[in-house]
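Listed here are the chains, written in short residue letters.
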Amino acid sequence: KIIPGIIPIPLNFKTNIMANSSNEWDLIIEPRGSLFKLNLKEVWKYKDLLEMYIKRDIVTFYKQTILGPLWFFIQPIFTTVVFMFVFGGLAGIPTDGIPQPLFYLSGICLWNYFSDSLIKTSDTFYTNQSVFGKVYFPRLVVPISVTISGLLKMLIQFLLFVGVYVYFVAKGTHIGINYYAFLLPVLIFILAGLGLAFGIIVSSMTTKYRDLKFLVAFAVQLWMYFTPVIYPLSVMEGSYKKYMWLIQANPLTAVLQTFKYGFLGKGSFSWFSLGYSFAFTIILLFIGTIIFNRVERSFMDVV
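Along each chain, residues carry numbers from 1 onward, in the same order as the chain's sequence is written. A pLDDT threshold of at least 70 governs which residues receive local features in this predicted model, and a stricter bar of 80 or more applies before side-chain atom pairs are shown or counted, although totals over entire chains, interfaces and linings include all residues. For side-chain calculations, the full set of non-hydrogen atoms in the structure is used, while hydrogens and water are omitted.

Description of the confidence of the model for the protein
Per-residue confidence from the predictor is reported as pLDDT, which spans 0 to 100. The predicted model of the protein has a mean per-residue pLDDT of 80, with 80% of residues at 70 or higher. Looking across the protein, the model is least confident in helix 1 (residues 13-20), with a mean pLDDT of 46, and most confident in helix 13 (residues 251-264), with 93. In this analysis, two residues are considered to be in contact whenever any of their non-hydrogen atoms come within 4.5 Å of each other. Throughout residues 1-21 the model reports pLDDT below 50, and contacts reaching past four residues in sequence, or to other chains, amount to 0 contacts. Per the convention used, a helix needs a DSSP run of H or I reaching at least four residues, while a strand needs a run of E reaching at least two, with both numbered from the N terminus.

Comments concerning the side chain of Thr258
Considering the arrangement of structural elements, one finds Thr258 in helix 13. Residue exposure (1.4 Å probe, protein chains only): buried if accessible area is under 20% of the type maximum, exposed if over 50%, otherwise partly exposed. For Thr258, a relative accessible area of 2% translates into the label buried. Setting aside residues no more than four positions away along its own chain, Thr258 makes contact with Leu183, Leu187, Phe269 and Leu274.

Overview of a nonpolar patch on the surface
Any residue with relative accessible area above 30% and no salt bridge may belong to a patch, with like charges joined within 9 Å and the nonpolar Val, Leu, Ile, Met, Phe, Trp and Tyr side chains within 5 Å. The Shrake-Rupley method, run with a 1.4 Å probe sphere, supplies the accessible areas, and residue values consider only the shown protein chains as cover. Note on definitions: salt bridges are taken to be side-chain nitrogens of Lys or Arg within 4 Å of carboxyl oxygens of Asp or Glu. A cluster of nonpolar side chains, contributed by Phe218, Leu222, Tyr225, Phe226, Trp245 and Leu246, occupies part of the molecular surface with about 630 Å² of accessible area. Secondary structure elements with two or more residues in the nonpolar patch: helix 10 (212-224) and helix 12 (244-249). Take Phe226: it is sitting in the loop between helix 10 and helix 11 (233-239). For Phe226, a relative accessible area of 34% translates into the label partly exposed.

Given below as structure tokens:
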């Protein structure tokens, strides 16, 4: 019987489709069997999408602005001037004999990369919920792209630091650069790992507790004062020795100290402290992966 407006389907249609279908698929989406599974092969398969996200993060930063990429230079310059006036001038905090622009830029260069990575990745699920609910791709692509794109900004600010460095060397300022400066890739890895790990943990928690996203920026600003960005450790060891345990427990302390010791020849260096920071980063990445994988399964039902 043929009903008007309805296309008749042969009885053997389903049978023919099943017979002609192939059992080989390009992509199989299934629940993850282990919380520890990172699926890095899947992330690499979506490397084109990762590259697109990286380009988007870079372009949208200065899109529709007058000065464009110059803001990468303007921000650390203004911050350095403010630090010189407030902490170096009014507060009179010493810089271990290092010229103030160099001392503050060395801390700002590293701190900005870490703080930007943490703040931007901490909003991953909430910001991209409309995309995550429509298209499947490895969710780790988004926070990883933020961490990688931030490297460009850090590189530009590092070049600014090198320019100021060369200026003071040309003036005859004694700056003792040494072979510990070759640890810079390790320091960048620790910064990227900590920013990514803390970011995905906070992002996973904000799917249920939205209040956390309002506290992140404040917590990061407060964190800076427990990190030797605006003061050398010698100041804390002298006047505020009772707080040294808190500063030494901070995994970022060894990173900034190693950078300043390697490029400026001042401060202190410890393989134990740097190893602690590296181990802390690896462990936190594992913890962040566990939380991220667990929330990823059901976050659309929560948000």
